[in-house]
Amino acid sequence: MCFIITGSKGVTTHTGFGEFFCPACQTRREYRRKKMRKFTTLYFIPVIPGAEKTDYIQCGTCGNAFDPEVLNLGQ
């Protein structure tokens, strides 16, 4: 009997960094801009990329993720 193990996994890449007003911390913090893309996996190895990419901003202090529009706050 042969089993094929498939699934999905999100792969994240860093696309930038800077400083922004974090709504959760209520002060200016460093951030990292990230993109996440889903992949279909075969035996836990990402092999087929999905079409969708999710772009988000992650606070370097609290770790919360925000929509990129958050960079326009506090300017």
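As a starting point, this report considers the structure included with it. Note that the coordinates shown come from a computational prediction; the quantities given were computed from them, not determined experimentally.

1. Overview of the overall build of the chain
Here is step 1: Scanning the chain from N- to C-terminus turns up zero helices and four strands.
Here is step 2: Going residue by residue from the N terminus, the α and β elements of the chain occur as β-β-β-β.
Here is step 3: A compact globule built from 75 residues should have a C-alpha radius of gyration of about 11 Å, whereas the chain, at 16 Å, is more than 25% larger.
Here is step 4: Referenced to the eigenvectors of the C-alpha coordinate spread, the extents of the chain come out at roughly 60 × 20 × 15 Å.
Here is step 5: Every one of the 75 residues in the chain was classed for burial, and the buried ones make up 17%.
Here is step 6: A separation threshold of at least 6 residues defines the contact pool for the chain, and within that pool the share at least 24 residues apart is 46%.
Here is step 7: For the chain, the computed accessible surface area is about 5,600 Å², with 54% contributed by carbon and sulfur atoms.

2. Details of the environment of Thr41
Here is step 1: Among the secondary structure elements, Thr41 is positioned in strand β2 (residues 27-42).
Here is step 2: Accessibility expressed as a relative area gives 6% for Thr41, which makes it buried.
Here is step 3: Once the C-alpha coordinates of Thr41 and Ser8 are considered, the two residues, 33 residues apart in sequence, prove to be 5.3 Å apart.
Here is step 4: With sequence-adjacent residues up to four places away left out, Thr41 is seen in contact with Ile5, Thr6, Gly7, Ser8, Lys9, Pro46 and Val47.

3. Comments concerning the side chain of Lys34
Here is step 1: As for its position among the elements, Lys34 is in strand β2.
Here is step 2: Among buried charged residues, Lys34 stands out as having no salt bridge; its nearest opposite-charge side chain is Asp55, 11 Å away.
Here is step 3: Within polar-contact distance, the side chain of Lys34 engages the side chain of Gln58 at 2.4 Å.
Here is step 4: With sequence-adjacent residues up to four places away left out, Lys34 is seen in contact with Thr12, Thr13, His14, Thr15, Thr54, Asp55, Tyr56 and Gln58.

4. Remarks on the pattern of salt bridges
Here is step 1: With the rule as written, the count across this model stands at two salt bridges.
Here is step 2: Across the pair Arg28 and Glu19 runs a salt bridge whose closest N-O atoms are separated by 3.1 Å.
Here is step 3: For Glu19, a relative accessible area of 49% gives the class partly exposed.
Here is step 4: Note that Asp55 is salt-bridged to Arg33, the shortest N-O span being 2.9 Å. Here Asp55, found in strand β3 (residues 45-59), pairs with Arg33, found in strand β2; they are 22 residues apart in sequence, far enough to count as distant.
Here is step 5: Residue Arg33 is classed as partly exposed on the basis of its relative accessible area, which comes to 26%.

Conventions used here
- Counting from 1, residues in each chain are numbered in the order their sequence is written.
- Given that the model is predicted, a residue must reach a pLDDT of at least 70 before its local features are reported, and side-chain atom pairs must reach 80 or more before they are shown or counted; all residues, however, enter totals for whole chains, interfaces and linings.
- Hydrogens and water are ignored here; the side-chain numbers use all heavy atoms of the structure.
- Labels follow the DSSP assignment, with helices taken as runs of H or I lasting at least four residues and strands as runs of E lasting at least two, numbered in each case from the N terminus.
- What the globule rule says is 2.2 Å times the number of residues to the power 0.38, and the radius of gyration is computed from C-alpha atoms.
- Residue exposure (1.4 Å probe, protein chains only): buried if accessible area is under 20% of the type maximum, exposed if over 50%, otherwise partly exposed.
- By definition, residues are in contact when any of their heavy atoms lie within 4.5 Å.
- Here the Shrake-Rupley method, with its probe set to 1.4 Å, supplies the accessible areas, and only the displayed protein chains count as covering residues.
- Neither His nor the chain ends contribute to the count of charged residues, in which Lys and Arg are positive and Asp and Glu negative.
- Any carboxyl oxygen of Asp or Glu within 4 Å of a side-chain nitrogen of Lys or Arg constitutes a salt bridge here.
- Within 3.5 Å is the distance limit for a polar contact, defined as a pair of N or O atoms, with the added protein rule that one can donate a hydrogen and the other accept it, and that residues adjacent in sequence qualify only through two side-chain atoms.

Keep in mind that these numbers describe shape and distance, not what the molecule does.
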